[in-house]
Amino acid sequence: MWALRRASIPLRNRGFNVRASCVKLMPTTCVEDVEGGIFESPQITYDGFLSLKTYYHSGHASLKFTVSRRELSSQANAGSTKEDDDDDLEDGFSELETPAGDGNENLLTSDTDLSDDNEDVEEPRNELSDNEIDEPTKKKPPSGRVEVELFKEIVKAPGLSVHSALDKWVEEGKELSREEISQAMLALRRRNMYGRALQLSEWLESKKQLEFSERDYASRVDLIAKIRGLQKAEVYIETIPESFRGEIIYRTLLANCVSQNKWKKGEEIFSKMKDLNFPVTAFACNQLLLMYKRNDKKKIADVLLLMENKNVKPSPLTYKILIDMKGKSHDIAGMDQIIDTMKAEGIEPDDHTKAVLIGHYISAGLHDKAETSLKEMEGENLTENWWVCRTLLPLYADLGKPDEVARVWKVCEKHLRIEDCMAAIEAWGKLKKIDEAEAVFEIMLKRWKLSSKNCSVLLKIYANNKLLSKGKDLIKQMGDSGCRIGPFTWDAIVKLYVQAGEVEKAESVLQKATQQSQLKPMLSTFMAILEQYAKRGDIHNSEKIFVRMRQAGYISRATQYQVLMEAYINAKLPAYGIRERMKGDNVFPNKNLRNLLAQVDGFRKSPVSDLLD
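Residues numbered from 1 in each chain as written. Predicted model: local features only at pLDDT ≥ 70, side-chain atom pairs only at ≥ 80, totals over all residues. Heavy atoms only, no water.

Visitor: Before we move on, can you summarise the overall build of the protein with the specific residues and values?
Guide: In terms of helices and strands, the protein carries 30 helices and zero strands. By residue count, 56% of the 613 residues in the protein fall in the buried class. For the protein, contacts bridging at least 24 residues in sequence account for 75% of all contacts bridging at least 6. When the accessible surface of the protein is split by element, carbon and sulfur atoms take 49% of a total near 26900 Å². (Helix = DSSP H or I, 4+ residues; strand = E, 2+ residues; numbered from the N terminus. Buried < 20%, exposed > 50% of the residue type's maximum accessible area, 1.4 Å probe, protein only. Contact = heavy atoms within 4.5 Å. Areas by Shrake-Rupley, 256 points an atom, 1.4 Å probe, with all protein chains shown as cover.)

This is how it looks when you write it as structure tokens:
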């Protein structure tokens, strides 16, 4: 039984308004991925279903988590810097578990013919094993080809013709079992083909080919929220039979509120779940922690108190979130204490948690401690523990140890996986060892088909090192090989031109790409261009990119406004109406924003200065 002792001084005396029965929600933005298909509109990576463990405070050593209220409060201010905002957009904690209703998460992983199909999508950085939404079956996937054929048939169909393809499948007398459907759905989701997955779900329900369970309905809610928006998902929930309209349905909607940064809607959903007397689950609390981690760290104490009062057991992900928070606030001692508590509770940190911990050691300059932890991760025999190589490579590169990267890579070569190759390319790139990165890339090409995802890793290295000519050659090679180009490749190409000082060309590339496809560019792609225009003091083009981000579906946050105001500062011009715009976007000035606002206000003209001009 997990229980956290309250601090000796009441929370209200520390400046908190804590109500265990109703926790205020704030937004969080998660990493956004898009599908390389035809039908899809702007989408957001499915932030599945978390399980959580908690972090609370007190000044007493006897408490499970010694995190002071003062620390939580100070982190709230520190956490709103541009650097942290950027980290939050791309950290591993935004990736949640396997989506609802998709069956066994191990299905199709052995299909080599589907492992590299030129989908320009990002592989999740943090695959979590415990799945609250859909408990995986223990059965092995069927060894036949039917399940692969069903997936391929759906992918082959023109964008809006999945229903017709499925009708034809049935007319030809091919079997359509739940397990086969589950495998096809899982394959679509893994490739972020949410539009096609939604069409499959719609067809199954309309043709009554499958007796829907609550998890099937939850999966459908998730897909609608991603493709058509939260409002449409809510409308669909009202059509679900009441007996199936349980906690799983609403927590799925809550997860999408979090991923889409719709904090007001998230408040509504959480409140509704409370009104419907659903139990407070670790999953729902995870969503709150993720939101507060990025927006209002002071309120993390509220969530932890709620979990304590409701006797909600923590899970490994809570520790990961809290370790990351302590690391970002440079509290290494506190971070280590959380690890000790985690182990005392009988939970051994997984490789991802260890990687987060080591990353913060490196950032804090504790290189000896980081290296000791890396050696512990390796174990006594790295050849036997070869699966950790993918994690070790970039961390040794961060430590600036090319010899260690080379040693680990030799182990990788004995058990070569495409993920290890990409990690090695990334590692050599961090060390600015271009020849070594290219050598690994060539090895990868000999064993696996060229894909845009694989090329993007090398393209980013070329961009970071301003190797425009090499980048252009690789892009041409991709085109000649018929690689499908999508948001991750666009991101690499745009940054290639930006780093070379050709920001207008970068914008032109992005403009052409979005005209040719319905896919949604990554936020970092827009930001790379916006930052360059801001440095020039080019207000016109900065505002244009700012608007295009909004048109693409990205909610304006503090980070975007900070960069936009830098454009006005560099142009030495006032930003009239900027406060009203921020208020309209629910952006409340942090310390950095307030400083920038004061600077742009200094350029306002007074009647006297206007006469002098």
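Picking up after the structure, the text goes on.
Visitor: Can you tell me about the environment of Lys274, naming the residues and giving the values?
Guide: One can find Lys274 in helix H10 (residues 263-275). Relative accessible area serves as the criterion here: at 36%, Lys274 is assigned to the partly exposed category. Considered as a pair, Lys274 and Glu247 are 27 residues apart in the sequence and their alpha carbons are 10.0 Å apart.

Visitor: How would you explain helix H7 (residues 214-227) if you had to name every residue and give the values?
Guide: With 14 residues, H7 extends 20 Å from end C-alpha to end C-alpha; this agrees with the ideal 20 Å at 1.5 Å per step. Within the sequence span of H7, burial applies to Asp216, Tyr217, Ala218, Ser219, Arg220, Val221, Asp222, Leu223, Ile224, Ala225, Lys226 and Ile227. Each element contacted by the buried residues of H7 is listed here: helix H5 (178-190), helix H6 (194-206), helix H8 (230-237) and helix H9 (247-259). (Expected span 1.5 Å × (residues − 1).)

Visitor: Lay out the pattern of salt bridges in plain terms, naming residues and giving numbers.
Guide: Under the counting rule described, the total for this entry stands at 34 salt bridges. When the shortest N-O distance is used, the salt bridge between Lys375 and Glu378 registers 4.0 Å. Here Lys375 and its partner Glu378 are both found in helix H16 (residues 367-378), three residues apart, which amounts to about one turn of the helix. Residue Lys375 is classed as partly exposed on the basis of its relative accessible area of 35%. Among the salt bridges present, the one from Glu404 reaches Lys375, with a minimum N-O distance of 3.1 Å. Of this pair, Glu404 sits in helix H18 (residues 402-414) while Lys375 is found in helix H16, placing the two residues 29 residues apart along the sequence. (Salt bridge = Lys/Arg side-chain N within 4 Å of Asp/Glu carboxyl O.)

Visitor: Got a sec to walk through H10? Specific residues and values, please.
Guide: The terminal C-alpha atoms of H10, which comprises 13 residues, lie 18 Å apart, in line with the 18 Å expected from a rise of 1.5 Å per residue. Buried within H10 we find Trp263, Gly266, Ile269, Phe270 and Met273. The arc that holds the buried residues of H10, viewed along the axis, is 115°, so those residues lie on one side. Next to the buried residues of H10 lie H8, H9, helix H11 (282-295) and helix H12 (300-309). Count one or two residues on from H10 and you reach Asn277, which has phi positive near 60°. (Arc of directions from axis to C-beta.)

Visitor: Lay out the environment of Leu288 with the relevant residues and their values.
Guide: On the secondary structure map, Leu288 appears in helix H11. Sequence spacing of Leu288 and Ile300 is twelve residues, and the spatial spacing of their C-alpha atoms is 7.9 Å.

Visitor: Give a description of the side chain of Thr353 that names residues and reports values.
Guide: Inspection of the secondary structure assignment puts Thr353 in helix H15 (residues 351-363). Non-local contacts of Thr353, meaning those with residues more than four positions away in its chain, are made with Lys320, Ile323 and Ile339.

Visitor: Tell me about the packing of aromatic side chains, and name the residues and values.
Guide: All told, the structure shown has six aromatic pairs when counted by the stated rule. Measuring from centroid to centroid gives 6.2 Å for Trp386 and Trp387, while their planes differ by 75°, and the two rings are edge-to-face. Judged by its relative accessible area of 45%, Trp387 is partly exposed. The residue whose ring lies beneath Lys520 is Tyr554, and the NZ or CZ to ring-centre distance is 4.2 Å. (Phe/Tyr/Trp six-rings, centres within 6.5 Å; stacked < 30°, edge-to-face > 60°. Lys NZ or Arg CZ within 6 Å of the ring centre and 35° of its normal.)

Visitor: So, the nonpolar core: which residues are in play, and what are the values?
Guide: The biggest cluster of nonpolar side chains holds 160 residues, and the ones touching the most others in it are Leu393, Ile425 and Ile529. Among all residues touching Leu393, those that are not within four sequence positions of it are Val405, Val408, Trp409, Cys412, Asp420, Ala423, Ala424 and Ala427. (Core = buried A, V, L, I, M, F, W, Y, C linked by side-chain atoms within 4.5 Å.)

Visitor: Residue-level account of the confidence of the model for the protein, with values.
Guide: When pLDDT is averaged along the protein, the result is 75; 74% of the residues meet or exceed 70. Segment residues 1-147 is flagged for pLDDT under 50; beyond a separation of four residues in sequence, or across chains, it makes 468 contacts in the model. Note that pLDDT drops below 50 for residues 609-613; the model gives that stretch two contacts with residues more than four away or on any other chain. (pLDDT = per-residue confidence, 0-100.)

Visitor: Explain the state of the cysteines to me, and be specific about the residues and the numbers.
Guide: For the structure shown, the criterion picks out zero disulfides. Unpaired in terms of disulfides, Cys455 finds its nearest cysteine sulfur in Cys483, a separation of 5.0 Å. Since its relative accessible area comes to 0%, Cys455 is described here as buried. (Disulfide = S-S within 2.5 Å.)

Visitor: Now, about the packing of H5 against H6: what can you tell me, with residues and values included?
Guide: At a minimum axis separation of 8 Å, H5 and H6 run at an interaxial angle of 155°. When the axes of H5 and H6 are compared, the pair comes out roughly antiparallel. The handedness of the crossing between H5 and H6 comes out as left-handed. Of the residues in H6, those in contact with Ile181, Met185, Leu188 and Arg189 of H5 are Tyr194, Arg196, Ala197, Leu200, Ser201 and Leu204. (Axes fitted to C-alpha atoms, helices over the stretch in contact; angles between N-to-C directions. Parallel < 35°, antiparallel > 145°, perpendicular 65-115°, else oblique. Left-handed = near helix turned anticlockwise from the far one by under 90°.)

Visitor: If you had to explain unusual backbone geometry to someone new, which residues and values would you point to?
Guide: Positive phi, normally seen in glycine, also occurs at His330, with a value near 65°. With respect to the element layout, His330 can be found in the loop between helix H13 (316-328) and helix H14 (332-344). For His330, a relative accessible area of 67% translates into the label exposed. Positive phi values are uncommon outside glycine, yet Lys572 reaches one of about 55°. Looking at the element boundaries, Lys572 is found in the loop between helix H27 (558-571) and helix H28 (578-584). By relative accessible area, which is 59% here, Lys572 ends up exposed.

Visitor: Kindly report on the packing of H13 against H15, identifying the contributing residues and their values.
Guide: Orientation of H13 relative to H15, taken along the N-to-C sense of each, is 5°, at an axis distance of 9 Å. By the angle between their directions, the pair H13 and H15 is classed as roughly parallel. Along its contact with H13, which presents Lys320, Ile323, Asp324, Gly327 and Lys328, the element H15 presents His352, Thr353, Val356, Leu357 and His360. Partitioned by chemical class, the residues of the contact of H13 with H15 number three nonpolar, four polar and three charged. (Nonpolar A, V, L, I, M, F, W, Y, C, P; charged D, E, K, R; others polar.)

Visitor: Talk me through the environment of Ser481; I want residue IDs and the actual numbers.
Guide: Within the secondary structure, Ser481 sits in the loop between helix H22 (468-480) and helix H23 (487-499). Put simply, Ser481 and Ser452 are 29 residues apart on the chain and 9.9 Å apart in space, counted from C-alpha to C-alpha.

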